[in-house]
Amino acid sequence: MKRIITYGTFDLLHYGHINLLKRAKEQGDYLIVALSSDEFNWDEKQKKCYFSYDKRKQLLESIRFVDLVIPENNWEQKEQDIVEYHIDTFVMGDDWRGKFDFIRERTSADVLYLPRTPEISTTQIKRDLKL
Ligand code: C2G
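Residue positions are given per chain, counting from 1 as you read along its sequence in written order. Note on the predicted model: pLDDT of at least 70 is required for a residue's local features to be given, and 80 or more for side-chain atom pairs to be given and counted; whole-chain, interface and lining totals, by contrast, use all residues. Note: side-chain values were computed over all heavy atoms of the structure, leaving out hydrogens and water.

Peer 1: Whenever I open this one, the site of the ligand confuses me. Can you help?
Peer 2: Taken together, 21 residues lie around the ligand, and K47, E72, D95, T117 and I120 are the ones closest in. N or O atoms within 3.5 Å of each other form a polar contact, as long as, within protein, one can give a hydrogen and the other can take it, and as long as residues adjacent in sequence are counted only when both atoms are side-chain atoms. With respect to the ligand, the backbone of T9 contributes an N or O atom lying 3.0 Å from an oxygen atom. A distance of 2.8 Å is found between an oxygen atom of the ligand and a side-chain nitrogen or oxygen belonging to W96. Among the detected pockets, the ligand sits in the largest pocket. Of all elements in the fold, only β1 (3-8), α1 (15-25) and β4 (89-93) reach the threshold of two or more residues within the shell around the ligand. Note on definitions. A residue lies near a molecule or strand when any single heavy atom of the residue is within 4 Å of it. Each cavity reported here is a set of points on a 1 Å grid over the protein atoms alone in which a 1.4 Å probe fits but cannot get out, each pocket an open set with protein on both sides within 12 Å along at least five of seven lines, and each lining residue one with an atom within 4 Å of a point. Put plainly, a molecule is in a cavity or pocket when over half of its atoms are within 2 Å of the grid points there. Working definition: helices are DSSP H or I runs of at least four residues, strands are E runs of at least two. Numbering for both runs from the N terminus.

Shown next, in the form of structure tokens:
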């Protein structure tokens, strides 16, 4: 069983997120999503989520590509997650290209950056709705 992991906030879930999750799942058989906690989002990414962690988790768990949702509480947990969940491939959108290459050196997992869906983002949605 090939196990995949990806990380993110996934607030105001949209088709760009779904495209990423679908393609991540296509890399293997089991997809784990490490979902950024409310505290991690605010303290480390200066993101104030519209939906709480529990609501974002509920949404992700309803997606058929997603097999397990775990919390992302800090930047440093990735290597431990890869060991603990026996991950074969770490997947992120290519806006993160290069940022997680260290995982190739420090773990047995591959690192794959997938093209983002260009025209949609949570920021864009919030901006449009203000209009
Ligand atoms: N994404 C995408 N296309 C979009 C928007 C997002 O492919 N139009 C991808 C991002 O590249 C990322 C995932 O969807 O791989 C989740 O995006 P965010 O919720 O914005 O996550 P981010 O803030 O990038 O958090 O430790 C890693 C961080 O937690 C990643």
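Next comes the rest of the account.
Peer 1: In this structure, what is going on with helix α3 (residues 53-61)? I would like to understand it.
Peer 2: Burial classification: accessible surface area is computed with a 1.4 Å probe over protein chains only, and a residue below 20% of its type maximum counts as buried, one above 50% as exposed, and the rest as partly exposed. Buried residues of α3: Y53, R56 and L60, and no others. An end-on view of α3 places all buried positions within 70° of arc, on one side of the element. Along α3, the residues that are exposed and aim more than 90 degrees away from the buried face are D54 and Q58. Contacts were defined at the residue level, with two residues in contact if any of their heavy atoms lie within 4.5 Å. Structurally, α3 contributes buried residues whose contacts are with α1, β2 (30-36), α2 (38-45) and β3 (68-72). Within this analysis, the arc is defined by the directions that extend from the helix axis to the C-beta atoms.

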